[in-house]
Amino acid sequence: MNYFHFASLPSTQDKAFELLESTAGPLVVSVDEQTKGRGRLQRPWIHEKENSLAMSLGFHVPAKNLSALSLVVGLGVVKELSALPLQLKWPNDLMLRDSKVGGILVESKILESQATVVVGIGINLQHLKTAPYSGIGNGIEYLISVKGVAETVWKYLCEFFKSDFSVFRSEYEKILWRRGQSVRFKIQESISEMKVIGVDASGALIVDRGGKISMQDSGEILFSGEQISEV
Ligand code: BTN
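Since the structure is predicted, the reported quantities are computational estimates derived from the model, not experimental observations. Just so you know, the residues in each chain are numbered from 1, in the order the chain's sequence is written. Whole-chain, interface and lining totals are the exception, using all residues; otherwise, since this is a predicted model, local features are given only for residues with pLDDT of at least 70 and side-chain atom pairs are given and counted only at 80 or more. In computing side-chain properties, one takes all heavy atoms of the structure into account and sets aside hydrogens as well as water.

**Some words on the side chain of H47**
Strands here mean DSSP runs of E at least two residues long; helices mean DSSP runs of H or I at least four residues long; both are numbered from the N terminus. Take H47: it is sitting in the loop between β4 (44-45) and β5 (52-62). With a 1.4 Å probe rolled over the protein chains alone, any residue whose accessible area is under 20% of its type maximum counts as buried; one over 50% counts as exposed, and the rest are partly exposed. Taking the relative accessible area as the measure of exposure, H47 reaches 11% and is therefore buried. A distance of 3.1 Å separates a polar atom in the side chain of H47 from the backbone oxygen of D32. Only heavy atoms enter the contact rule, under which two residues are in contact if any of them lie within 4.5 Å. Among residues more than four places away in sequence, those in contact with H47 are V31, D32, E33, Q34, S52, L53 and A54. Counting of polar contacts relies on pairs of N or O atoms within 3.5 Å, with two restrictions inside protein: one atom must be capable of donating a hydrogen and the other of accepting it, and residues adjacent in sequence are counted only when both atoms are side-chain atoms.

See the structure below:
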């Protein structure tokens, strides 16, 4: 694993893609300050120097179905931070009790049979001052190391590359946020009430909608009280 640390970058994602043009990988890019971080679904990701941890893990891998990769990354992060009662809001938001304290963004570029993948991990070490992001706090933030997170996530990913998501299914379901409970689920522009049942062998969310079981491979669980206009 090659580690690159910068004082400030617009996004660790872009720097990791740039470095992967000339480096075999795996590699890790971390920063003190990220000025134009991005989240899933084209949302901005706010970073506050000292209150946020931002890192990207980049590598080349043979192109195959990588749809469950982001769930496996979430599992690796939760494992590394096992001193905290973290859960995963499907697919991969890091939840501490009922607050999101971190997120994962997986981006890839595919060229013929080879994929260049960059996994971005953002963790709020403290509550942010400039955005309504909750943080983990409580002293544990001092114990989180970029290297520890990267190594545990990489170990999980190597296992995933050797097999598939099915080997992680029960571990994931144990920490699946709102499992067994009703949630509002948003697919494209439509929102429905569903019960979260679990995940299938490909990482899709299994839900029960009025007695009808289905698998969701996209969409997102809304937070209670989350407004339609905000999502
Ligand atoms: C999300 O929950 O929407 C995912 C957030 C991912 C943020 C991280 S911070 C490190 C990396 N660099 C970025 O620009 N984004 C990811």
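**Concerning a nonpolar patch on the surface**
There is a patch of nonpolar side chains on the surface, built from I197, I213 and M215 and spanning about 260 Å² of accessible area. With respect to the secondary-structure elements, M215 resides in strand β13 (residues 212-216). The patch calculation keeps residues exceeding 30% relative accessible area without a salt bridge and links them within 9 Å when they carry like charges or within 5 Å when they are nonpolar (Val, Leu, Ile, Met, Phe, Trp, Tyr). Only the protein chains shown count as cover for residues, and all accessible areas are computed by the Shrake-Rupley method using a 1.4 Å probe. Any carboxyl oxygen of Asp or Glu that lies within 4 Å of a side-chain nitrogen of Lys or Arg is treated as forming a salt bridge with it.

**As for helix α1 (residues 12-20)**
By the criterion of burial, α1 is predominantly enclosed, with seven of the nine residues buried. If you follow the buried residues of α1, they end up packed against β1 (2-9), β2 (27-34), β3 (37-38), β5, β8 (99-111) and β9 (114-124). One side-chain oxygen of the residue at the start of α1 lies 3.1 Å from the amide nitrogen of Q13, identifying that residue as S11.

**Quick word on the site of the ligand**
As a matter of local geometry, the ligand sits amid 20 residues, with S11, T12, R38, R40 and K100 nearest to it. Within the side chain of T12, one N or O atom sits 3.0 Å away from a nitrogen atom of the ligand. The separation between a nitrogen atom of the ligand and a polar main-chain atom of R38 is 2.7 Å. Of all the secondary-structure elements, those providing two or more residues to the shell around the ligand are α1, β3, β5, β8 and β9. Under the convention adopted here, Pro, Cys and the residues Ala, Val, Leu, Ile, Met, Phe, Trp and Tyr are nonpolar, Asp, Glu, Lys and Arg are charged, and Gly plus all remaining residues are polar. Per-class residue counts for the shell around the ligand are six nonpolar, ten polar and four charged. Nearness is defined per residue: one heavy atom within 4 Å of the molecule or strand is enough.

**Structural notes on the side chain of N124**
Take N124: it is sitting in strand β9. Residue classification places N124 among the buried positions, given a relative accessible area of 2%. In this structure the side chain of N124 is engaged in a polar contact, spanning 3.0 Å, whose partner is the backbone oxygen of S134.

**What about the sheet that holds β13?**
We call two strands paired when DSSP finds no fewer than two bridges between them. Spatially, five strands are ordered β13-β12-β11-β10-β14 in an open sheet, and the strand pairing comes out antiparallel. The open sheet has two edge strands with one neighbour each: β13 and β14 (220-221). Where strand β10 (residues 182-187) and strand β11 (residues 190-199) come together, six bridges link them in antiparallel fashion. Bridging from a neighbouring strand, S182 pairs with K195 of β11.

**Some remarks on the pairing of β1**
A regular strand carries its side chains on alternate faces of the sheet. Note that β1 and β2 share seven bridges and pair parallel. Of the residues in β2, the one forming a bridge with H5 is S30. Consider the strands pointing away from the viewer: the crossover is right-handed when the path from the first strand over the helix to the second runs clockwise. Chirality of the crossover, the property in question, places the unit of β1, α1 and β2 among those that are right-handed.

**Considering the sheet that holds strand β6 (residues 86-89)**
One open sheet holds the seven strands; their spatial order is β1-β2-β5-β9-β8-β7-β6, and the pairing between them is mixed. Taken across any chain shown, the strands that pair with only one partner, and hence form the sheet edges, are β1 and β6. Neighbour to neighbour, the strand axes of the sheet diverge by 20° on average, direction disregarded. Both β2 and β5 contribute to a ladder of four bridges, which runs antiparallel. If you follow V28 over to β5, its bridge partner there is L57. Where helices are involved, their axes are fitted lines through C-alpha atoms of the stretch in contact, as for all axes, and angles between N-to-C directions lie from 0 to 180°. Its contacts with the sheet place α1 against β1, β2, β5, β8 and β9, and it is angled at close to 145° to β2.

**Considering the packing of helix α2 (residues 69-80) against helix α3 (residues 146-162)**
Two numbers describe a pair of packed helices, the interaxial angle and the distance between the axes. Where α2 meets α3, the closest approach of the two axes is 8 Å, and the angle between their N-to-C directions is 140°. When the interaxial angle is binned, α2 and α3 end up oblique. Seen from above, α2 lies across α3 with right-handed handedness. Residue-level contacts link L69, V72, V73, L75, G76, V77, K79 and E80 of α2 to G148, V149, T152, V153, Y156, L157, F160 and F161 of α3. Under this scheme an angle from 65 to 115 degrees is roughly perpendicular, one under 35 degrees roughly parallel, and one over 145 degrees roughly antiparallel; angles in between are oblique. Definitions for this section: a left-handed crossing has its near helix turned counterclockwise from the far helix by less than a right angle. A right-handed crossing has that turn clockwise.

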